[in-house]
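# Overview (structure and organization)
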Amino acid sequence: MSERLTNASAGEDAAQGRWRSSRLPQLGSSIFAEVAGWKAEALRKGLDLIDLGIGSPDRPPTDSVRETLAAAALRTDAYGYPSSAGSIAFRRQAAEWMQRRFGVTVDPERELLTLMGSQDGLAHLALAVTDPGDVALVPDPGYPIYAASLALAGVTPYFLPLRADNGFLPDLDAVPGNIWRKAKFMLLNFPANPVAATADLTFFERAAALARKHGVLIVHDLAYSEMGFDGYRPPSILEVPGAADIAVEFHSLSKSFNMAGCRIGFLAGNAGAVGALKELKANIDYGVFEAVQEAGIAALKEGIAALEAGRPGVSEIYERRRNAFLRQLRAEGWDVPAPKATMFVWAPLPFRGEETGDRRTSRVIAKEMLEETGVAVIPGDAFGREGEGYVRIALVEEPERLAEAARRIGAFIRNRVR
C-alpha cells in the first residue's frame, strides 16, 4: 500500500512538472509570494501588521470619478466587447492630458494605445517589438515585470546597474558597443521603482541621442509622473525634440489618480512600436471595460483642472507622508535619504550583522523585522542583484501610522546594534 502511495505521489509530482513552463522561475515573483507568507504568519501570531510592502494606493479615486464609473456601469449598453485599442474618447483625453501636462503632442489615433494598466503593456511590449534572441537593456534594480517580460519573449537582458554613487542613474557610456549594436530596446523608469531616483531632461536628451545613434527604441515607464516633491515635476522623455521617433512612454492612472483596481493606463509615442503592441493586443484581449474608460476620462479631466488651478494632486499626500516617516525614522537613529519622487523610500540597511560577524541579507533582515515589529517591507534583492543591501518601503499609510512604523523599526535596529 505504502509503495503504491509513493508511486502515486511521484506520478503527481511528475505531472505537475510536465505542465509547468520552465519560464516561470524566471519571472521573479517568488519573493512577493514569500513576503505574503511572512505577513500571513505575522497575522496568525496576532501582530498589528503595518504593510509597507506593496505600492498599492490606499485611498480611493475622487467622488466624481467613482460616480462616473458607477453611472457608466449601470448603463445597459456598457457590456459589449470594448475595442482592444481603447475608445477614441479616452485616447483623445489622454492626448489632451499629455499636451497640458508635458507640452507634448500625441496623435490619439496612431501614437496612443489604451492598456489594462501599464503593467499590461510592459508585460507584452517585448513580444510585440522583438524576436527571440534579441537583447534589451533593463535597469537593475528594476520593477520585476521588466525582466519577466523578457523571459516570456525569449529576449536576453543586459542589466544596467543603478548605484548610489551615480545617483541611481544608469551609466549609458559604460554599455559596450557590441551590446548597443545587438540591443532592440532600452527600458528606463524615472522617477524609479524601487530606487526612487529622478532624471532631468538633460539625461533624457543624452539617452535619446544614444538611442538614435544605435537604432534602439527607448521604453520609458513614467508611472510616477504625478508624485514629485519639493516643487519637482517629473518630465516626459517625449519632451525631448524628436523623441517620438525613437521612444514610447507608459502612463498609469493607478498611482496618479488612485485607480489601481480599475486597471487602466496608456502607451504613447512612436507610432510603429505603439502599432505593434496594438496589433498584438488585438489578438489576446478585448481591451478595458468601457465604464472604466469613462472613469479614466473623468480622472484625466480632473488632472487637467488641477494643473490649471495649480493644485498639487496626489503629490501633496505622499510628500506629507514622506516627511512624517523620515522625520520619525531619523529621530530613531536611521538617517535615510529623502526621495524627490514616487511613493517609495529606498533605504540602505543601517546594519548587516557586521557588529557580530553574522552578515545577513536584506531578505533575512526584512523577515526578522516583520516577525518582531509587524512592519512589512520588501527586501531589495526582489528587484535585482544590485538591490541587495536595501529595502523598499511603500508610503501607503497615513502619516500617524507611518510614524508608528518608524518607531517600531527604530526599536528593532537598536536591539540589533546595541
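The coordinates are above.
No experiment lies behind these values; they were computed from the predicted model shown.

Once that is clear, we can look at unusual backbone geometry. The omega torsion across D140 and P141 is 5°, close enough to zero to call that bond cis. By the element assignment, P141 lies in the loop between β3 (135–140) and α6 (144–153). The amide bond that connects N193 to the next residue, P194, takes the cis arrangement and shows omega of 15°. Tracing the sequence through the fold places P194 in the loop between β5 (183–188) and α8 (201–214).

Our next topic: the sheet that holds strand β2 (residues 112–115). Read across the sheet, seven strands follow the order β2-β8-β7-β6-β5-β3-β4 without closing on themselves; strand pairing throughout is mixed. Edge strands, defined here as strands with exactly one partner in the open sheet, are β2 and β4 (156–161). On average, each strand axis in the sheet is inclined to that of its neighbour by 20°, with strand direction left out of account. As defined by bridge partners, β5 adjoins strand β6 (residues 217–221) across four bridges and the pair is classed as parallel. Its bridge partner lying in β6, F185 is registered against L217. Contacting β2, β6, β7 (247–252) and β8 (265–269), helix α10 (residues 271–282) runs over the sheet at an angle of about 35° to β2.

With five of its five residues buried, β8 lies for the most part within the structure. On β8, burial covers both faces: G265, L267 and G269 on one face and F266 and A268 on the other are all buried. Summarising the sheet, β7 and β8 pair through five bridges and their orientation is antiparallel. What sits directly across from E249, in β8, is A268.

Applying the stated rule across the entire model yields 29 salt bridges. In this structure, the salt-bridge partner of E41 is R44, at a minimum N-O distance of 2.6 Å. Of this pair, E41 and R44 both sit in helix α2 (residues 30–44), three residues apart, which is roughly one turn of that helix. You can call R44 exposed: its relative accessible area is 61%. With a shortest N-O distance of 3.2 Å, R363 and D381 are connected by a salt bridge.

Below, the discussion takes up the packing of α2 against helix α13 (residues 362–373). Packing of α2 against α13 leaves a shortest axis separation of 10 Å and a crossing angle of 20°. For the element pair α2 / α13, the angle class is roughly parallel. α2 and α13 meet at a crossing whose hand is right-handed. Residues I31, E34, W38, K39 and A42 of α2 touch α13, and the partners they reach there are R363, A366, K367 and L370. Split into classes, the residues belonging to the contact of α2 with α13 amount to five nonpolar, no polar and four charged.

Take the side chain of D134 next. Mapped onto the elements, D134 comes out in the loop between α5 (118–129) and β3. Among the residues examined, D134 registers a relative accessible area of 17% and is labelled buried. A polar contact of 2.8 Å, which involves the side chain of D134, links it to the backbone nitrogen of D131. A distance of 3.4 Å separates polar atoms of two side chains, one belonging to D134 and the other to K184.

Thresholds, definitions, all that
Residues numbered from 1 in each chain as written. Predicted model: local features only at pLDDT ≥ 70, side-chain atom pairs only at ≥ 80, totals over all residues. Heavy atoms only, no water. Helix = DSSP H or I, 4+ residues; strand = E, 2+ residues; numbered from the N terminus. Pairing = 2+ DSSP bridges. Axes fitted to C-alpha atoms, helices over the stretch in contact; angles between N-to-C directions. Contact = heavy atoms within 4.5 Å. Buried < 20%, exposed > 50% of the residue type's maximum accessible area, 1.4 Å probe, protein only. Salt bridge = Lys/Arg side-chain N within 4 Å of Asp/Glu carboxyl O. Parallel < 35°, antiparallel > 145°, perpendicular 65-115°, else oblique. Left-handed = near helix turned anticlockwise from the far one by under 90°. Nonpolar A, V, L, I, M, F, W, Y, C, P; charged D, E, K, R; others polar. Polar contact = N/O pair within 3.5 Å; in protein donor to acceptor, adjacent residues only side chain to side chain.

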